[in-house]
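# Per-entry structural report
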Amino acid sequence: MRTQVAIIGGGPSGLLLGQLLHRAGIDNVVLERRSRDYVLSRIRAGVLETGLVELMHEAGVGERMEREGFVHDGTIIASGDDQVRIDFKALTGKHVLVYGQTEVTRDLYAARDAAGLETLHDCRGVKPHDLDTAAPFVTFLKDGKVHRLDCDFVAGCDGYHGPCRQEIPQEVRREYEKTYPFGWLGVLSETPPVADELIYANSPRGFALCSMRNAQLSRYYIQCDLSDQPDDWTDGMFWDELRRRIPAEAAERLATGPSIEKSIAPLRSFVCEPMRWGRLFLCGDAAHIVPPTGAKGLNTAASDVRYLHEALKRFYHDRDDEGLERYSETALARIWKTERFSWWFSSLMHRYPDQSEFDLRIQQAELAFLRDSPAAQRAMAENYVGLPY
Ligand code: FAD
Ligand code: DHB
């Protein structure tokens, strides 16, 4: 088998890259370790920056998103019963779109199928070779046979646990990491959302987030201990705890019901440098992770995809490799700013086990500053709607 770009990983990064390359006349094959049903059953992010929305349109998959997504012009930051609305539209002229990652992925798979592009699922032992030559290839096991895919480039879109990052030699690779001493317990329920906009809540009992997928589907999160298991939390316990952490007027309105999904995610900040080695280019979670507080995971994956597909277009259409040469530097410049925002917003909103009285006062002062200062609100809004590419 031969293709121009071998894409390892059929999550949102790999699928979006594949679709954009296809529209630019660049041939690609996606190799995914899991089944399609498994990939589509993962409930993850829900907030799309304008940049990602534009990329979806450029990829020709914006129609359902435009119809079913919800424009959000602002968000609520709560501290106890104190609430401040960050008005994205007034502060930046921009908004975000609430549309689930699962739907993004579903739309991209549908477009791939319609275009007759090759997507191989259940690929085991995927391994890139000869990445430091002009003729790399990927081997993998599928249906009991070893296959070889020859290509010009390998895109490592294989998430945090994927193998691609490890191909960058240790003496070249630098990894920066911060773990957080808590997780997020997330619940999806077929109930109307508690508010029209998202509520990020700082409370003495820990962080809570009220989000949504549509008028009848809500997504809620609460900060939990890292040692907790989803089954430790009955639905009743979850709703009681959520009510205690959000402003009283929201708690009174909260509609509860059975959870249809419940999971715990750890929080991590992580960056791998460089994001390119030879003919290997990393995109998305394969290269970096942010804690979910600013809703940036999927959006940073999209910014990498945008830089990489532009660079590949320049290479194939204009025989100009400058974009590829500069890919790592360009992508990392935006990533680090987003890492900073996600770390800052996480630090502002959570309770830390080792937080001193001084730390707590600083957190309260920072929240009060955000409430009172239009400049602080603008900085928050600018980051939340997405920094320019
Ligand atoms: P992934 O979505 O991880 O996709 C990588 C793909 O590569 C997967 O399909 C995987 O099966 C495949 N793969 C892995 N190894 C191999 C291999 N060896 N061979 C072939 N294929 C392989 N972000 C938010 O903004 N908000 C959230 O609420 C949020 N919640 C999250 C919850 C969890 C549990 C996780 C893990 C992430 C969450 N994120 C969230 C982050 C966001 O979902 C990710 O940033 C986004 O999925 C990144 O897309 P990706 O395509 O780069 O990686
Ligand atoms: C969602 C997740 C986030 O991490 C976030 O900051 C906002 C919304 C969500 O899943 O809806």
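Everything numeric in this text was worked out from a predicted model, so none of it was measured.

Reading the values: rules and limits
- Residues numbered from 1 in each chain as written.
- Chains lettered and ligands numbered in written order.
- Predicted model: local features only at pLDDT ≥ 70, side-chain atom pairs only at ≥ 80, totals over all residues.
- Heavy atoms only, no water.
- Pairing = 2+ DSSP bridges.
- Helix = DSSP H or I, 4+ residues; strand = E, 2+ residues; numbered from the N terminus.
- Contact = heavy atoms within 4.5 Å.
- Axes fitted to C-alpha atoms, helices over the stretch in contact; angles between N-to-C directions.
- UniProt positions renumbered as here; feature names shortened; annotations may be inferred.
- Near = heavy atom within 4 Å.
- Polar contact = N/O pair within 3.5 Å; in protein donor to acceptor, adjacent residues only side chain to side chain.
- Areas by Shrake-Rupley, 256 points an atom, 1.4 Å probe, with all protein chains shown as cover.
- Nonpolar A, V, L, I, M, F, W, Y, C, P; charged D, E, K, R; others polar.
- Domains from an automatic or database assignment.
- Buried area = accessible area lost by both parts, 1.4 Å probe.
- Salt bridge = Lys/Arg side-chain N within 4 Å of Asp/Glu carboxyl O.

Moving on: the sheet that holds strand S12 (residues 153-156). What the six strands build is an open sheet, ordered S8-S2-S1-S12-S19-S18; its pairing is mixed. Edge positions in the sheet fall to strand S8 (118-120) and strand S18 (276-277), since each has one partner strand and no second. Bridge count for strand S1 (residues 5-8) against S12 is four bridges, and the pairing is parallel. Looking at the pairing, Ile7 lines up with Ala155 of S12. Its contacts with the sheet place helix H1 (residues 12-23) against S1, strand S2 (28-31) and S12, and it is angled at close to 160° to S1.

On to the UniProt feature "domain: FAD-binding" (unreviewed entry) in the protein, then. Mapped onto this numbering, the UniProt entry annotates "domain: FAD-binding" (unreviewed entry) at residues 2-342. Here residues 2-342 is 33% helix and 32% strand, with 40 Å between the C-alpha atoms at its ends.

Before going further, it helps to examine the site of ligand 1. Near ligand 1, the surroundings consist of 28 residues, among which Ser13, Glu32, Arg42, Gln101 and Asp285 are the closest. Contact distances for ligand 1 include 2.6 Å between an oxygen atom and a side-chain N or O atom of Glu32. Within the backbone of Leu298, a nitrogen or oxygen atom sits 3.4 Å from an oxygen atom of ligand 1. Protein contact buries 84% of the 990 Å² of open area that ligand 1 shows by itself. The set of elements that each furnish at least two residues to the shell around ligand 1 consists of H1 and helix H9 (297-318). Residue composition of the shell around ligand 1, grouped by class: 12 nonpolar, eight polar and eight charged.

Domain parsing of the protein yields domain 1 (5-72 + 96-177 + 268-345) and domain 2 (181-267 + 353-385). The distance between the C-alpha centroids of domain 1 and domain 2 comes to 29 Å. Across the contact, 24 residues belong to domain 1 and 21 residues belong to domain 2. Interface area lost by domain 1 to domain 2 is led by Ile43, His72 and Trp344, which between them contribute 27%. Between the two partners, domain 1 and domain 2, sit zero salt bridges. Of all the secondary structure elements, the ones that give two or more residues to the side of domain 1 that touches domain 2 are strand S4 (70-72), strand S7 (96-98) and helix H10 (322-349). Of all the elements, H10 adds the most residues to the side of domain 1 that touches domain 2, at five residues. Residue classes in the side of domain 1 that touches domain 2 are distributed as 12 nonpolar, six polar and six charged.

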